[in-house]
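Residue-level listing of the chains:
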Amino acid sequence: MVQLKLALHNLVKSKNQSLPFIFSNSIWVTITYIFLSMIYNTNIKTNSYGAVANYILKLGLIFIILIAALSTFYAERLLSKQRTQELGLYSMLGLTRRHLKQIVLLENSLFYMICIIIGSVAGITFSKLAFMSLESLLGTTSLHQNFTLLPLIYVAAIFAGIFILIILFDFWGLKRVNPINLWAKSSQPEKEPKSHTLLAVLGIIALLIGYCISVMIKPTGAAFGQFIIAIVLVVAGSYLVFITASISLLKILKKNQNYYYKPNHFISVSNMLYRMKQNGAGLASISLLCTSILVALIASVSLVEGQNNLINLWSPVDVQIVSKAPLSTTAKQTIHKLANNYQITMSQSHMVAVTTPSMGILSGKHFKPQFNTKTEYTLSSLDLRQYNHLQNTNYHLKDNEVLMYAPGTNYLQRHISVQGRTYKVKRIKKFNGAFVYSHNIYKSIFIVAANPTIAKQLNPHSYVYAQGFNTHGTKWHQKQFANAVQNALKVDPSNFTSKYIMRDLLKAMFGSLLFMGILISIVMICATTMIVYYKQVSEGYADKHNYQIMSKIGLSQKETRKAIQSQVLTVFTLPIIGAILNLIFALPAIKSVLTIFSMYDLKILVVVSFCTISVLIISYTIIYLATTNVYRNIVSH
Amino acid sequence: MGESGAGKSTLLNIIATLDQPTSGEIMLNGTDLSHLSENESSQFRREHLGFVFQSFNLLDTFSNRDNIYLPLVLSKKPHQFMDNKLKPLSKILGIEKLLDRQPSEISGGQKQRVAIARALITDPSILLADEPTGALDSNNSEKILNVFEQINERGQTVLMVTHSVQAASYAQRTLFIKDGKIYNKLYRGDQSRNQYLQKIIDSLTALENNEEVD
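Residues numbered from 1 in each chain as written. Chains lettered and ligands numbered in written order. Predicted model: local features only at pLDDT ≥ 70, side-chain atom pairs only at ≥ 80, totals over all residues. Heavy atoms only, no water.

- As recorded by an unreviewed UniProt entry, chain B carries the name ABC superfamily ATP binding cassette transporter ABC protein and is attributed to Liquorilactobacillus oeni DSM 19972.
- Taken verbatim from the UniProt record of chain B, the Sequence similarities (unreviewed entry) comment is "Belongs to the ABC transporter superfamily." (UniProt positions renumbered as here; feature names shortened; annotations may be inferred.)

- Looking at an unreviewed UniProt entry, one finds chain A named Peptide ABC superfamily ATP binding cassette transporter permease and attributed to Liquorilactobacillus oeni DSM 19972.
- In its Sequence similarities (unreviewed entry) section, the UniProt record describing chain A reads: "Belongs to the ABC-4 integral membrane protein family."
- Chain A has a UniProt comment under Subcellular location (unreviewed entry) that states "Cell membrane".

### Description of a nonpolar patch on the surface
Residues and elements named next belong to chain A.
Part 1 of the reasoning: A grouping of Y40, F147, L149, L150, I153 and Y154 is seen on the molecular surface, where their side chains present a nonpolar patch of about 580 Å² in accessible area.
Part 2 of the reasoning: Residue contributions to the nonpolar patch peak at three residues, all from helix α5 (residues 150-176).
Part 3 of the reasoning: Note that L149 resides in the loop between α4 (97-138) and α5.
Part 4 of the reasoning: By relative accessible area, which is 53% here, L149 ends up exposed. (Patch = residues over 30% accessible without salt bridge, like charges linked within 9 Å, V, L, I, M, F, W, Y side chains within 5 Å. Areas by Shrake-Rupley, 256 points an atom, 1.4 Å probe, with all protein chains shown as cover. Salt bridge = Lys/Arg side-chain N within 4 Å of Asp/Glu carboxyl O. Helix = DSSP H or I, 4+ residues; strand = E, 2+ residues; numbered from the N terminus. Buried < 20%, exposed > 50% of the residue type's maximum accessible area, 1.4 Å probe, protein only.)

### Notes on the packing of aromatic side chains
Part 1 of the reasoning: Scanning all chains against the criterion turns up 19 aromatic pairs over all chains.
Part 2 of the reasoning: Aromatic rings pair up to connect A:Y260, A:Y261, A:F266, B:F62 and B:Y69 into one cluster.
Part 3 of the reasoning: Here the guanidinium or amino end of A:K101 rests over the ring plane of A:F171, the centre of that ring lying 5.2 Å away.
Part 4 of the reasoning: One Lys or Arg, B:R193, reaches over the ring of B:Y170 and ends 4.0 Å from the middle of that ring. (Phe/Tyr/Trp six-rings, centres within 6.5 Å; stacked < 30°, edge-to-face > 60°. Lys NZ or Arg CZ within 6 Å of the ring centre and 35° of its normal.)

### Concerning the pairing of strand β4 (residues 126-130) of chain B
Residues and elements named next belong to chain B.
Part 1 of the reasoning: Buried residues dominate β4, accounting for four of its five residues.
Part 2 of the reasoning: Pairing analysis gives four bridges linking strand β3 (residues 49-52) to β4, with the strands arranged parallel. Bridge pairing in β4 links G50 to L127.
Part 3 of the reasoning: Pairing geometry for β4 and strand β5 (residues 157-161), over five bridges, is parallel. Paired with L128 across the two strands is L159, which belongs to β5.
Part 4 of the reasoning: On the question of chirality, the crossover connecting β4 to the parallel β5 by way of helix α6 (residues 138-153) is right-handed. (Pairing = 2+ DSSP bridges. Right-handed = clockwise from strand over helix to strand, strands pointing away.)

### Quick word on the pattern of salt bridges
Part 1 of the reasoning: This structure, assessed with the given rule, holds four salt bridges over all chains.
Part 2 of the reasoning: Of the charged contacts in the structure, one is a salt bridge between B:R46 and A:E559, with a shortest N-O distance of 2.8 Å. Separated into two different chains, B:R46 in helix α2 (residues 38-48) and A:E559 in helix α17 (residues 557-596) make up a pair that spans both.
Part 3 of the reasoning: Of the charged contacts, one joins B:D123 and B:K85 as a salt bridge, the two residues approaching to 2.2 Å between their closest N and O atoms. Residue B:D123 is located in the loop between α5 (108-120) and β4, and its partner B:K85 is located in helix α4 (residues 79-93); the two are separated by 38 residues in the primary sequence.
Part 4 of the reasoning: Exposure remark for B:K85: the relative accessible area of 23% places this residue in the partly exposed category.

### Digging into the confidence of the model for chain A
Part 1 of the reasoning: Considering every residue of chain A, the mean pLDDT works out to 81; 90% of them sit at 70 or more.
Part 2 of the reasoning: Of all helices and strands in chain A, the one with the weakest mean pLDDT is helix α6 (residues 179-185) of chain A (60), whereas α5(A) scores best (90). (pLDDT = per-residue confidence, 0-100.)

### Remarks on the sheet that holds strand β10 (residues 443-449) of chain A
All names here are of chain A.
Part 1 of the reasoning: A barrel is described by the order of its strands in space; here seven strands give the closed sequence β4-β5-β8-β9-β7-β10-β6, paired in mixed fashion. Averaged over neighbouring strand pairs, the angle between their axes works out to 40 degrees when direction is ignored.
Part 2 of the reasoning: Alignment of strand β5 (residues 366-369) against strand β8 (residues 415-418), held across two bridges, turns out to be parallel. Each bridged residue has a counterpart across the sheet, and for F367 the counterpart in β8 is V418.
Part 3 of the reasoning: Relative to the sheet, helix α13 (residues 384-391) contacts β6 (377-383), β7 (401-405) and β10, its axis offset from that of β6 by approximately 90 degrees. (Axes fitted to C-alpha atoms, helices over the stretch in contact; angles between N-to-C directions. Contact = heavy atoms within 4.5 Å.)

### A look at helix α1 (residues 8-15) of chain B
Residue and element names in this part refer to chain B.
Part 1 of the reasoning: Considered for burial, the residues of α1 that qualify are K8, L12, I14 and I15. Looking straight down α1, one finds its buried side chains confined to an arc of 160 degrees; they lie on one side.
Part 2 of the reasoning: Structurally, α1 contributes buried residues whose contacts are with β3, β4, β5 and β6 (173-178). (Arc of directions from axis to C-beta.)

### Some thoughts on the sheet that holds β4(B)
Residues and elements named next belong to chain B.
Part 1 of the reasoning: If you trace the three strands from one edge of the open sheet to the other, you get β3-β4-β5, paired in parallel fashion. Two strands bound the open sheet, and with one partner strand each, they are β3 and β5. Each adjacent strand pair in this sheet contributes to an overall mean axis angle of 20 degrees, direction not counted.
Part 2 of the reasoning: Taken strand by strand, α2 contacts β3 and β4, and its axis lies near 80 degrees from that of β3.
Part 3 of the reasoning: This element, α5, spans β3 and β4 of the sheet and lies at about 170 degrees to β3.

Shown next, in the form of structure tokens:
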């Protein structure tokens, strides 16, 4: 089989190009595999909040497939330019076009198989290792992984699709040129790119529409299609804008003679402009990956940060016991005895009587009792005297005024209408008697009314008594003590709240989401690092010759270093700016997701975003500096 | 002149400060070139030397104009200065129409003329040319050599390494190198080019036959 031999020969001969291609492509296979394996090989779907996680993962997968397809396509165009010369030679030696097609087909199939094998092995190993190490780091989460072949099959199918497109494109390229051109084609150096105003405008429009969609839609099942459209538009727009805008920018810089004819700018601007088509695509990939790192990190760190917030909202004191009647003296004595046993000191306990929470929905300012799939809230009421006593406050209320404690909701109305009456609302930030009734998943609203009669009017249900106190001792003792109290008093678990038990509960619930976020971030950081590295190395080899010539003419080592720095710096900032811009428009979507988990807190989101961006910029700088060294070493030796 | 491996290019590289001599010293305008630091030698190359290579060594990333400007840009000369320098030079070399094209769009002979412009734009003390006609056909070679002769008449020193007796016959003085040593030297004086060519051929034959020539 001559064709196979020739295909192999091409692959080995141009190993300077084909090895990086295999390398970067395998990374894409790996990332796609990890996403697929999280969707199909884990129990994430059945996990609490799993549906949302699954939804986000699927969006992430589409995002990755798009970037993978685009960057593979770009990389292959460069490779096929090299190949054309060989094919021209074969054609002159008497191979027919059919033979050439076979060679192209075989070569791409070889690439495909190599990348799939390397990528899958890396993906399986990486996800196994990640699961093991993160499990030991975070403690046991409720997330488990089972190995099935399904993700592998999907990965193989997805990349088969990408490669079939590439092969068809290559065939089409073969058809258009005759052997003489084929031969000459690769010896022609790349022409200086033209600026494409139309494409730039198209890119900007695509970006804007994508942004608009992402800002406006709410993450519900029905909006999945819209989200995909938004992602496609943003990805396509980013590539177009980066490719066209960077060329235009460099052209403008070049026109400015005072800027251009400076030693550093002169070399860097012309170097970048010369291969901006590849450069733009690479920068777009880096920018999009940085965006995904930011989104994943911000979402998962917000979850961790929000978790403590949520615990404090749901159980403001360490232990809270809810019962139909006030605690008996014997019960109190038992608690004190247990506290001694577990070396726990207790704070003064307090008790509030609130009406039994009733479930319902809020539409506008109306609270409607209702218990079905739409239920979002529970509402209960108490009188002002109890509240002022408990919180040590001095509020005064008229009959038509209430205080409202509704953590985790953004209720902006000035009035609330319950049971046919409307009250003026004043929001309060603290209520130490708060509890989550029966540990339901709904958001609790507590309404403080002027007197017990109005409290009853608001929520005509019998009273329940919430007995709460803080405990001091080691974490382990506090947890043990909480469990012991619950057992001794034979309180139903649903009416017993301990901060420590709550923490464990939440940890199990959000652990898997956090895990997912960290895993995605790590994968993306690795991918970005490798792409930046690959970019620097390949550019290093491309520029080596130029720098050698310039060194002969009189460019010193020091000036070489300066020129490289200027070149790196100009392109270095673009992806980060792009990523931050993308992030700003992704924030509303993150906000909606966090709201689903009732964890939306503007302050946390802003602080986390700011920190994450800073961390990313710092690590990006480190990566870039390190890889610039690699570039410099290649160029100057 | 000399055979392959005789040490012609090594000598040229040492004069160009790209290489260090194992012994002896190289003096140019009273400067000892063998003890320059990396930075000094870069600056020296830029300010005092012009290079013309066999393989042109134009940078594909620059237009022809920018290729010629390169050494001046490295010396931080203002744009107007470069422009003024280039005008007369491009006329002599006949490359006015090529300036705004890319090196990839012009022929070998044209490339070499652009390369000569790049070498001359700094007014170098000495122009070093390593087989400048080696990759050119005879017609283009002749053009290049004529250019060298012209600029030489205007007072520009040109040091050219070559295999070709044709090329050597354009020189005012020819040194023959064998095994790293200067074996013989010829002066053209008032001889015609053909007479001088014959003398070079004789000398070369003698060199190959290992004879001592007076």
